[in-house]
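Next come the chains, spelled out residue by residue.
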Amino acid sequence: MSLDLLVSHYNYWVVIFLMMVGFYILISRGNLVKKVVGLNVFQTSVFMLYISMGKVSGGTPPILVYGETDVLYSNPLPHVLILTAIVVGIATTSVGLALAVRIKEAYGTIEEDEINAIEARTEATE
Amino acid sequence: MLLTLLAAAGLALLRVRNLFAVVMLAGIYSLLSAGLFTVMDAVDVAFTEAAVGAGISTVLFLGALALCGHHESKPGHTPLLPLFVVLVTGGLLVWGTMDMPGFGDPANPVHHHVADHYIEESYHEIGIPNVVTSVLASYRGYDTMGETTVVFAAAVGVMILLAGRLGRRPQPEGKGDGG
């Protein structure tokens, strides 16, 4: 029973592990570029979760085989959703990195702690 | 097997502090996930991930690093609180998967809502053998149009953010780390 559970849920669990690694990078690291990398890891793990749900054992990719009627195809719908999500993901990544570049220019650093220190100093002098 | 490799790549990403190495590892991670998508029959997703995830985003990261410098300093505070939050969240998510149907079972509810219709009828209705393409471009056409709007908004945002720097500062290359 528990071995069955392990085999049938292994994908989901590794996906959750990766998701948590991304989440941990996001909240524990101060470097802004590293945070964007963490966000990417998180995002890719969500893609894997969706694609795992779309897989049918023994199925083929959902490209119709000409003249055959009894072929087992995997579910095409998660693939479509994830194609959209990948493109949106690269858009958010690029905006995040552009923000990091601007912050580097304004503060001279992309470390969160140093930025906070600079903010505190400027507030004290005002 | 690929999943285990991916987990290893994820952990390496966490530990490494040189950001160039991090970006390269992120590229490897993307490529591995593209392999995984191929194994799970999502060929369209796999080549998009290989092109966008491993290709374009690596280039974007390298560009950002050239401007921002590539050293990450050690985190100043203890990692206990984030670790606690992550463990609790992860535990809850694993608990949530207990009710999920097993991997790859054709009787899963997700396969019997609209997917049957797409697979059986899309060739008669649209005339493209690749079901993913016909769903993307036809049944969910508005979704794809919204996606291009998002990409356009992101491009405009990046241009606004970075437009000022060209005019204002003539010597950014001298100050950077030269990566």
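What counts as what
- Per chain, residues are indexed from 1 in the order of the written sequence.
- Chains carry letters and ligands carry numbers; both start at the beginning, A for chains and 1 for ligands, and go up in the order they are written.
- At least 70 in pLDDT is required for a residue's local features to be given in this predicted model, at least 80 for side-chain atom pairs to be given and counted, and no such filter applies to totals for whole chains, interfaces and linings, which use all residues.
- The basis for every side-chain value is the complete set of heavy atoms in the structure, and neither hydrogens nor water enter the calculation.
- Each helix is a run of DSSP H or I of at least 4 residues and each strand a run of E of at least 2, with the numbering of both proceeding from the N terminus.
- By this rule, a helix spans an expected 1.5 Å times one less than how many residues it contains.
- For the exposure calls, accessible area comes from a 1.4 Å probe over protein chains only, and a residue counts as buried if that area is under 20% of its type's maximum, exposed if over 50%, partly exposed in between.
- Residues adjacent in sequence count toward polar contacts only when both atoms are side-chain atoms; beyond that, a polar contact is any pair of N or O atoms within 3.5 Å, and within protein one must be able to donate a hydrogen and the other to accept it.
- Residue ranges for the domains originate in an automatic or database domain assignment.
- Whenever a carboxyl oxygen of Asp or Glu lies within 4 Å of a side-chain nitrogen of Lys or Arg, that contact is scored as a salt bridge.
- Residues qualify for a patch when their relative accessible area is over 30% and they have no salt bridge, like charges being joined within 9 Å and the nonpolar side chains of Val, Leu, Ile, Met, Phe, Trp and Tyr within 5 Å.
- Here the Shrake-Rupley method, with its probe set to 1.4 Å, supplies the accessible areas, and only the displayed protein chains count as covering residues.
- For this count, His and the chain ends are skipped, Lys and Arg are scored as positive, and Asp and Glu as negative.
- A single reference atom marks each charge: NZ on Lys, CZ on Arg, CG on Asp, CD on Glu.
- When checking whether two residues touch, look at their non-hydrogen atoms; a contact exists if any pair is within 4.5 Å.
- Classification convention: Asp, Glu, Lys, Arg as charged; Ala, Val, Leu, Ile, Met, Phe, Trp, Tyr, Cys, Pro as nonpolar; all other residues, Gly among them, as polar.
- Each nonpolar core is a collection of buried residues, namely Ala, Val, Leu, Ile, Met, Phe, Trp, Tyr and Cys, held together in the definition by side-chain atoms within 4.5 Å.
- A score between 0 and 100, pLDDT records how confident the predictor is in each residue.

Asks: How would you explain helix α2 (residues 32-54) of chain A if you had to name every residue and give the values?
Replies: Residues that lie three or four places apart on an α-helix share one face, since the helix turns once every 3.6 residues. Residue and element names in this part refer to chain A. Helix length check: α2, at 23 residues, gives a terminal C-alpha distance of 34 Å against a target of 33 Å (1.5 Å per residue), a fit within 8%. Among the 23 residues in α2, 18 count as buried, and that is most of the element. Where α2 starts, the residue carrying a side-chain oxygen 2.9 Å from the main-chain nitrogen of Val 33 turns out to be Asn 31.

Asks: Quick one: what's the story with the domain arrangement of chain B, residue by residue and with numbers?
Replies: One frequently used descriptor of interface size is the decrease in accessible area upon assembly of the parts. According to the domain assignment, chain B contains domain 1 (1-72) and domain 2 (110-166). Computed from C-alpha atoms alone, the centre-to-centre distance between domain 1 of chain B and domain 2 of chain B is 23 Å.

Asks: Lay out the pattern of salt bridges with the relevant residues and their values.
Replies: Residues and elements named next belong to chain B. Here the structure, examined in full by the defined rule, presents four salt bridges over all chains. A salt bridge links Asp 143 to Arg 140; its shortest N-O distance comes to 2.9 Å. Residue class for Arg 140 comes out partly exposed when judged on its relative accessible area of 28%.

Asks: Can you explain a negative patch on the surface? Please cite residues and give values.
Replies: Judged by side-chain charge, Asp116(B), Glu120(B), Glu121(B) and Glu125(B) come together as a negatively charged surface patch. Secondary-structure assignment places Glu121(B) in helix α5 (residues 115-125).

Asks: Tell me about the side chain of Asp44(B), and please be specific about residues and values.
Replies: Within the secondary structure layout, Asp44(B) lies in helix α3 (residues 43-68). This buried residue, Asp44(B), is left without a salt bridge; Lys55(A) holds the nearest opposite charge, at 13 Å. With near-sequence residues (within four places) excluded, Asp44(B) lies in contact with Leu83(A), Asn130(B), Val132(B) and Thr133(B).

Asks: Which residues make up the interface of chain B and chain A, and what values do they have?
Replies: In this complex, chain B contributes 84 residues to the contact, which on the side of chain A involves 75 residues. Our count for the contact surface shared by chain B and chain A stands at six residue pairs in polar contact (both at pLDDT 80 or more). Mapped by element, the contributors of at least two residues to the side of chain B that touches chain A are α1 (2-15), α2 (19-39), α3, α4 (80-97), α5, α6 (131-139) and α7 (141-168) of chain B. In terms of residue count, the dominant contributor to the side of chain B that touches chain A is α3(B) (14 residues). Residues belonging to the side of chain B that touches chain A are distributed by class as follows: 56 nonpolar, 17 polar and eleven charged.

Asks: Can you lay out the nonpolar core for me, pointing to particular residues and giving the numbers?
Replies: By size, the foremost hydrophobic cluster in this structure holds 60 residues, and its most contacted members are Met48(A), Leu13(B), Phe37(B) and Val45(B). Listing elements by their share of this core, those giving two or more residues are α1 (2-28), α2 and α3 (76-107) of chain A together with α1, α2, α3, α5 and α6 of chain B. The element best represented in this core is α1(A), accounting for eleven residues. Mapping this core onto the domain boundaries places at least three of its residues in each of domain 1 (1-72) and domain 2 (110-166) of chain B.

Asks: Give a detailed account of the confidence of the model for chain B, specifying residues and quantitative values.
Replies: Residue and element names in this part refer to chain B. Summary statistics for chain B give a mean pLDDT of 77 and a share of 87% for residues scoring 70 or more. When pLDDT is averaged over each element of chain B, α3 comes out on top at 86 and helix α8 (residues 172-175) at the bottom at 40. Under a pLDDT of 50 for its full length, residues 170-179 has, in the predicted model, five contacts with residues more than four places off or in other chains. Here the complex is predicted with pTM 0.82, and the ipTM for its interfaces comes to 0.83.

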